[in-house]
Amino acid sequence: GAVVSQHPSRVICKSGTSVKIECRSLDFQATTMFWYRQFPKQSLMLMATSNEGSKATYEQGVEKDKFLINHASLTLSTLTVTSAHPEDSSFYICSASLAGADTQYFGPGTRLTVL
Amino acid sequence: SQQGEEDPQALSIQEGENATMNCSYKTSINNLQWYRQNSGRGLVHLILIRSNEREKHSGRLRVTLDTSKKSSSLLITASRAADTASYFCATDQAGTALIFGKGTTLSVSS
């Protein structure tokens with residue numbers, strides 16, 4: 001089956017620093033990747049939809065200047081949390097899908113802790 | 001915005017019992033999927049049911065879909081302690097992101 005990886009799996013950073021999270025589709029080309037955020041004991045909330053070669057589409061309430069998304073190739077999307085603050089501490093999960101496909105493949109998630 | 005709403009929010013049962021979780025959604029869908037998430041871990045895809053399907057089985061899992069009521073149920077039969085996890089339903093329209101429900105936390109004690 002299709003595999004999606006995320007790196008790093010866990011990151012701790014100081015307030016004010018920027019953190020980059022990578023999402024890779026390992027054995028397929030993903031035309032679309034999605035980024036979700038999950039706070040403790042809550043569900044996954046969609047942050048943005050990323051299409052290769054075009055600007056990401058952000059959900060309402062998600063600051064595009066704070067959460068920079070780059071989908072530079074069909075196998076890689078990156079999420080950069082800029083000037084991170086403690087309230088950005090969360091579990092960030094990406095998923096990837098093929099064009100026109102119903103199935104999304106989820107990465108294992110990245111746990112971000114901002115001190 | 002969240003579309004799915006799971007019911008109950010929390011469920012505690014004994015090993016061997018069946019667990020039933022329900023999910024309701026608001027708009028028309030292409031598919032409905034169920035996922036499991038162990039504490040602090042990633043998502044595990046359990047089953048996908050298409051909008052034109054009414055019931056689907058996979059091992060000890062049984063999923064039903066009633067599009068007229070905009071609801072789905074997940075039944076886990078003969079539950080085990082290893083089934084302890086959070087369960088989420090997720091819906092999508094064709095080619096869109098998944099919209100997740102709030103989840104049901106299942107606790108199975110031995």
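Residues numbered from 1 in each chain as written. Chains lettered and ligands numbered in written order. Predicted model: local features only at pLDDT ≥ 70, side-chain atom pairs only at ≥ 80, totals over all residues. Heavy atoms only, no water.

### Brief notes about the overall build of chain A
- In terms of regular secondary structure, chain A is built from 0 helices and 11 strands.
- Relative to the globule expectation of 13 Å for 115 residues, the C-alpha radius of gyration of chain A, 13 Å, shows essentially globular dimensions.
- Viewed in the frame of its principal axes, chain A has a C-alpha envelope of about 40 × 25 × 25 Å.
- Here chain A holds 115 residues, and the buried ones make up 48% of them.
- Put simply, 54% of the contacts in chain A that link residues at least 6 apart link residues at least 24 apart.
- Working note: accessible area of chain A is about 5,600 Å², and carbon and sulfur atoms make up 52% of it. (Helix = DSSP H or I, 4+ residues; strand = E, 2+ residues; numbered from the N terminus. Rg over C-alpha atoms; globule rule 2.2 N^0.38 Å. Buried < 20%, exposed > 50% of the residue type's maximum accessible area, 1.4 Å probe, protein only. Contact = heavy atoms within 4.5 Å. Areas by Shrake-Rupley, 256 points an atom, 1.4 Å probe, with all protein chains shown as cover.)

### Quick word on the sheet that holds strand 8 (residues 76-81) of chain A
Residues and elements named next belong to chain A.
- On the basis of which strands lie adjacent, the open sheet formed by 4 strands has the order 1-3-8-7 and antiparallel pairing. Where the open sheet ends on each side, the last strands, each with one partner, are strand 1 (4-7) and strand 7 (67-73). Within the sheet, the average angular offset between the axes of one strand and its neighbour, ignoring direction, is 15 degrees.
- As paired strands, strand 7 and strand 8 are joined by 5 bridges and run antiparallel to one another. What sits directly across from Leu68, in strand 8, is Thr80. (Pairing = 2+ DSSP bridges. Axes fitted to C-alpha atoms, helices over the stretch in contact; angles between N-to-C directions.)

### Quick word on the confidence of the model for chain B
- Here chain B shows a mean pLDDT of 91. Residues at 70 or above account for 95%.
- Here strand 1 (residues 5-7) of chain B is the element of chain B with the lowest mean pLDDT, 81, and strand 7 (residues 61-66) of chain B is the one with the highest, 98. (pLDDT = per-residue confidence, 0-100.)

### A short note on the sheet that holds strand 3 (residues 19-24) of chain B
Residues and elements named next belong to chain B.
- With antiparallel pairing, the 5 strands of this open sheet are ordered in space as 1-3-8-7-6. In the strand order of this sheet, the two ends are held by strand 1 and strand 6 (55-58), each with one partner. When strand polarity is set aside, the average angle formed by the axes of neighbouring strands in this sheet is 15 degrees.
- One ladder, built from 4 bridges, connects strand 6 with strand 7; its direction is antiparallel. When the sheet's bridge partners are listed, Ser58 is paired in strand 7 with Leu61.

### So, unusual backbone geometry
- Here the amide bond leading from His7(A) into Pro8(A) is cis, since omega sits at 0 degrees, within 30 degrees of zero.
- Mapped onto the elements of the fold, Pro8(A) is located in the loop between strand 1 and strand 2 (10-13).
- Each neighbour pair has its own omega, and for Asp7(B) with Pro8(B) the value is 0 degrees, a cis peptide bond.
- Here Pro8(B) is to be found in the loop between strand 1 and strand 2 (10-14).
- Non-glycine residue Lys41(A) carries a positive phi angle of around 60 degrees.
- With phi around 50 degrees, Lys70(B) is a residue other than glycine that occupies positive phi space.
- Along the polypeptide, Lys70(B) turns up in the loop between strand 7 and strand 8 (71-76).

### Observations regarding the confidence of the model for chain A
- Scored by pLDDT, chain A has a mean of 92; 98% of the residues are at 70 or more.
- Mean pLDDT across the secondary structure elements of chain A bottoms out at strand 10 (residues 105-106) of chain A, with 90, and peaks at strand 11 (residues 110-114) of chain A, with 97.

### Some details on the interface of chain A and chain B
- On the side of chain B, 21 residues touch chain A, which itself brings 17 residues to the contact.
- Each partner contributes to the roughly 1,400 Å² buried at the junction of chain A and chain B, and carbon and sulfur atoms together form 55% of this total.
- Three residues, Ser43(A), Asp102(A) and Phe106(A), lead the burial of chain A against chain B; their summed loss comes to 36% of the area buried on that side.
- The tally of links between chain A and chain B comes to 0 salt bridges.
- Summed over the shared surface of chain A and chain B, the number is 3 residue pairs in polar contact (both at pLDDT 80 or more).
- Elements that contribute at least two residues to the side of chain A that touches chain B include exactly strand 4 (32-38), strand 5 (44-51) and strand 9 (90-97) of chain A.
- The element best represented in the side of chain A that touches chain B is strand 5 of chain A, accounting for 4 residues.
- Each residue belonging to the side of chain A that touches chain B can be placed in one class, and the counts come to 9 nonpolar, 5 polar and 3 charged. (Buried area = accessible area lost by both parts, 1.4 Å probe. Salt bridge = Lys/Arg side-chain N within 4 Å of Asp/Glu carboxyl O. Polar contact = N/O pair within 3.5 Å; in protein donor to acceptor, adjacent residues only side chain to side chain. Nonpolar A, V, L, I, M, F, W, Y, C, P; charged D, E, K, R; others polar.)

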